[in-house]
Amino acid sequence: MRIIVSLICGTIFGFGLYISGMIDPQKVLGFLDIWAIADGGWDPSLAFVMGGGLAVAIPIFQFAKNRTEAVCGGEISLPTNRAITTKLVVGGLLFGTGWGLVGYCPGPALSALAFGHTDTIIFVVAMIAGMGGARAIGLNK
């Protein structure tokens with residue numbers, strides 16, 4: 001049952017990324033380019049995508065935080081560490097830099113692989129290499 005629910009949720013998520021334009025790096029860059037507000041070139045539409053995500057996620061997390069087992073079985077293990085560390089800040093800056101330069105973040109990039117565009121493939125390979133490199137030098141601990 002958990003596998004079927006995971007498959008359904010992943011499919012809905014992938015469709016949502018596609019329909020919203022989150023897998024189009026030009027749309028994402030249009031949203032991230034806040035300097036374009038002055039000339040009317042800023043695309044605020046992804047803010048509604050984020051708002052919709054929060055509208056769904058917040059009540060679900062409120063429901064889940066007091067449970068020890070998922071509805072379909074299995075342990076719920078929500079993070080408890082709230083410390084803001086140097087590693088977290090540097091990682092966030094690196095993530096944001098990559099996102100702002102190319103318009104992809106990991107989830108949408110993986111979804112966009114379905115279209116087979118060379119730039120997407122290069123990004124995903126580089127992302128995996130970066131994750132592997134960070135793990136190899138012990139930054140994941």
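Everything numeric here is computed off the predicted structure, so don't read it as measured data.

About the cut-offs
Residues numbered from 1 in each chain as written. Predicted model: local features only at pLDDT ≥ 70, side-chain atom pairs only at ≥ 80, totals over all residues. Heavy atoms only, no water. Disulfide = S-S within 2.5 Å. Buried < 20%, exposed > 50% of the residue type's maximum accessible area, 1.4 Å probe, protein only. 1 Å grid on protein atoms, 1.4 Å probe; cavity = no way out; pocket = protein on both sides within 12 Å on 5 of 7 lines; lining within 4 Å. Points joined across faces, edges and corners; volume = space filled by probe spheres on them. Helix = DSSP H or I, 4+ residues; strand = E, 2+ residues; numbered from the N terminus. Nonpolar A, V, L, I, M, F, W, Y, C, P; charged D, E, K, R; others polar. Phe/Tyr/Trp six-rings, centres within 6.5 Å; stacked < 30°, edge-to-face > 60°. Axes fitted to C-alpha atoms, helices over the stretch in contact; angles between N-to-C directions. Parallel < 35°, antiparallel > 145°, perpendicular 65-115°, else oblique. Contact = heavy atoms within 4.5 Å.

Colleague: Please explain the state of the cysteines as it appears in this structure.
Modeller: Where two cysteines share a covalent bond between their sulfur atoms, that bond is called a disulfide. Scanning all chains against the criterion turns up 0 disulfides. The closest cysteine sulfur to the non-disulfide-bonded Cys9 is located on Cys72, 8.1 Å from its own sulfur. For Cys9, a relative accessible area of 46% corresponds to the partly exposed category.

Colleague: Please explain the layout of surface pockets as it appears in this structure.
Modeller: In this approach, a probe sized like a water molecule rolls over the atoms, and the result shows the empty space that is left. Considering only enclosed or pocket space, the largest pocket measures out at about 1000 Å³ in volume. Taken together, 29 residues line the largest pocket, and the ones lying closest to its centre are Cys9, Val56, Ala57, Ile60 and Phe61. Breaking the lining of the largest pocket down by element, the ones donating at least two residues are helix 1 (2–20) and helix 3 (45–64). A per-element tally of the lining of the largest pocket places helix 3 first, with 10 residues. Looking at the lining of the largest pocket residue by residue, the class counts come to 19 nonpolar, 7 polar and 3 charged. Approximately 670 Å³ is the volume attributed to the second largest pocket. Around the second largest pocket sit 20 residues that line it, and Gly91, Leu94, Phe95, Gly130 and Met131 are the ones nearest its centre.

Colleague: I tried to follow the packing of aromatic side chains on my own but got confused; where do I start?
Modeller: Any two aromatic rings considered together are summarised by their centre-to-centre distance and by the angle between their planes. Per the stated rule, a full pass over the model turns up 4 aromatic pairs. A ring pair is formed by Tyr18 and Phe115, whose centres lie 5.7 Å apart and whose planes are at 25°; its orientation type is stacked. Here Tyr18 is found in helix 1, whereas its partner Phe115 is found in the loop between helix 5 (106–112) and helix 6 (118–136), with 97 residues between them in sequence. Their ring planes at 40° and their centres at 5.4 Å tell us that Tyr104 and Phe123 sit as a pair that is tilted. Here Tyr104 is found in the loop between helix 4 (86–102) and helix 5, whereas its partner Phe123 is found in helix 6, with 19 residues between them in sequence. Relative accessible area serves as the criterion here: at 5%, Tyr104 is assigned to the buried category.

Colleague: Is there a simple way to explain the packing of helix 2 (residues 25–32) against helix 4 in this structure?
Modeller: Two numbers describe a pair of packed helices, the interaxial angle and the distance between the axes. Running from N to C, helix 2 and helix 4 cross one another at 115°; their axes reach a closest spacing of 8 Å. The orientation of helix 2 with respect to helix 4, classified from their angle, is roughly perpendicular. Here helix 2 contributes Pro25, Val28, Leu29 and Leu32 to the contact with helix 4, which in turn contributes Trp99, Gly100, Leu101 and Val102. Grouping the constituent residues of the contact of helix 2 with helix 4 by class yields 7 nonpolar, 1 polar and no charged.

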